[in-house]
Amino acid sequence: MNFYNNQLEEFKKRYTIYVPVTIILQSCIGSIAAMCILMNSTPDFFPFLELTLCVVTAMLFNASVLAQLKLKFVFNSLITSLVINILLIIINVIRLS
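Owing to the predicted nature of the structure, the values given are computational and were not obtained by experimental measurement.

**Section: the overall build of the protein chain**
Here is step 1 of the chain: Counting secondary structure elements, the protein chain contains four helices and zero strands.
Here is step 2 of the chain: The secondary structure elements of the protein chain, listed N-terminal to C-terminal, are α-α-α-α.
Here is step 3 of the chain: Counting only C-alpha atoms and orienting by the principal axes, one finds that the protein chain spans roughly 45 × 25 × 20 Å.
Here is step 4 of the chain: Split into buried and exposed, the 97 residues of the protein chain put 35% on the buried side.
Here is step 5 of the chain: In the protein chain, the proportion of contacts linking residues at least 24 apart, taken out of those at least 6 apart, comes to 74%.

See below:
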């Protein structure tokens, strides 16, 4: 929890620097996750549920930044988006091989 608090304080202090960097990072990882999901789509699997989860979490962060919500919510949505999209990448890369 101490690591989380330290990173949150760092994010709050340098918010204007981190916003463009995290938007680019999160958008790139979300795009890679979407690509992996679409490459792995088969008729017997539900790729649109995964794709919906990928897009919703990515847009949650982007919308929270644009809406200028509380910094803790923005930071938590960034972490949520990154974790979910990285897990989707791992799941679909394993499924591809």
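Still more ground to cover, so stick around.
**Notes on the side chain of N62**
Here is step 1 of the chain: With respect to the helices and strands, the residue N62 is situated in helix α3 (residues 47-66).
Here is step 2 of the chain: A relative accessible area of 16% places N62 in the buried class.
Here is step 3 of the chain: Contact partners of N62, with chain neighbours within four places excluded, come to I23, Q26 and S27.

**A word on the packing of aromatic side chains**
Here is step 1 of the chain: Following the criterion strictly, the structure yields four aromatic pairs and no others.
Here is step 2 of the chain: Between F11 and Y15, the ring centres sit 5.5 Å apart and the planes meet at 85°, which makes this aromatic pair edge-to-face. Both residues of the pair, F11 and Y15, count as buried.
Here is step 3 of the chain: For the pair F11 and Y18, a centre-to-centre distance of 6.0 Å together with 20° between the ring planes defines the contact as stacked.

**Things to note about a nonpolar patch on the surface**
Here is step 1 of the chain: Together, I79, V83, I86, L87, I90, I91 and I94 make up a nonpolar patch on the protein surface, roughly 590 Å² of accessible area in all.
Here is step 2 of the chain: As for its position among the elements, I91 is in helix α4 (residues 71-96).
Here is step 3 of the chain: The exposure class of I91 is partly exposed, given its relative accessible area of 40%.

**A word on the nonpolar core**
Here is step 1 of the chain: If you look at the biggest cluster of nonpolar residues, it comprises 20 residues, and the most contacted ones within it are Y15, C54, V65 and V74.
Here is step 2 of the chain: For this core, the secondary structure elements donating two or more residues are α1 (2-13), α2 (15-39), α3 and α4.
Here is step 3 of the chain: Here V74 is in contact with F11, Y15, F61, S64, V65 and L69, once residues within four sequence places are set aside.

**Thoughts on the packing of α3 against α4**
Here is step 1 of the chain: Packing of α3 against α4 brings their axes to within 9 Å, and their N-to-C directions diverge by 155°. What the angle tells us is that α3 and α4 run roughly antiparallel. For the element pair α3 and α4, the recorded crossing hand is left-handed. Residue-level contacts link E50, L53, C54, T57, A58, L60, F61, S64 and V65 of α3 to F73, V74, S77, L78, S81, I84, N85, L88, I91, N92 and R95 of α4.
Here is step 2 of the chain: Looking at the contact of α3 with α4 residue by residue, the classes come out as twelve nonpolar, six polar and two charged.

Calculation criteria
- All residue numbers refer to position in the chain's written sequence, counted from 1.
- Local features are withheld for residues below a pLDDT of 70 in this predicted model, meaning they are given only at 70 or higher, and side-chain atom pairs are given and counted only at 80 or more; totals for whole chains, interfaces and linings count all residues.
- With hydrogens and water stripped out, all remaining heavy atoms of the structure feed into the side-chain values.
- Helix numbers and strand numbers start at the N terminus; a helix is a DSSP run of H or I with at least 4 residues, a strand a run of E with at least 2.
- Working definition: with a 1.4 Å probe on protein chains only, accessible area under 20% of the residue-type maximum means buried, over 50% means exposed, and in between means partly exposed.
- In this description, contact between two residues means that some pair of their heavy atoms is separated by no more than 4.5 Å.
- Two rings belonging to Phe, Tyr or Trp (six-membered ring only in the last case) form a pair when the distance between their centres is within 6.5 Å. Interplanar angles under 30 degrees mark stacking, angles over 60 mark edge-to-face geometry, and anything in between is tilted.
- Residues enter patches when their relative accessible area tops 30% and they take part in no salt bridge; the joining distance is 9 Å for like charges and 5 Å for the nonpolar side chains Val, Leu, Ile, Met, Phe, Trp and Tyr.
- Working definition of accessibility: Shrake-Rupley area with a 1.4 Å probe, residue cover restricted to the visible protein chains.
- Salt bridges are defined by distance alone: a side-chain nitrogen of Lys or Arg within 4 Å of a carboxyl oxygen of Asp or Glu.
- To qualify as a nonpolar core, a set must consist of buried Ala, Val, Leu, Ile, Met, Phe, Trp, Tyr and Cys residues joined through side-chain atoms within 4.5 Å.
- Each axis is a line fitted through C-alpha atoms, and for a helix only the stretch in contact is used; angles between axes span 0 to 180 degrees, taken between their N-to-C directions.
- Note that the term roughly parallel is reserved for angles under 35 degrees, roughly antiparallel for angles over 145, roughly perpendicular for angles of 65 to 115, and oblique for everything else.
- Crossing handedness: left-handed means the near helix sits turned counterclockwise from the far one by under a right angle, and right-handed means the same turn made clockwise.
- Each residue is assigned to one class: nonpolar for Ala, Val, Leu, Ile, Met, Phe, Trp, Tyr, Cys and Pro, charged for Asp, Glu, Lys and Arg, and polar for all the others, Gly among them.

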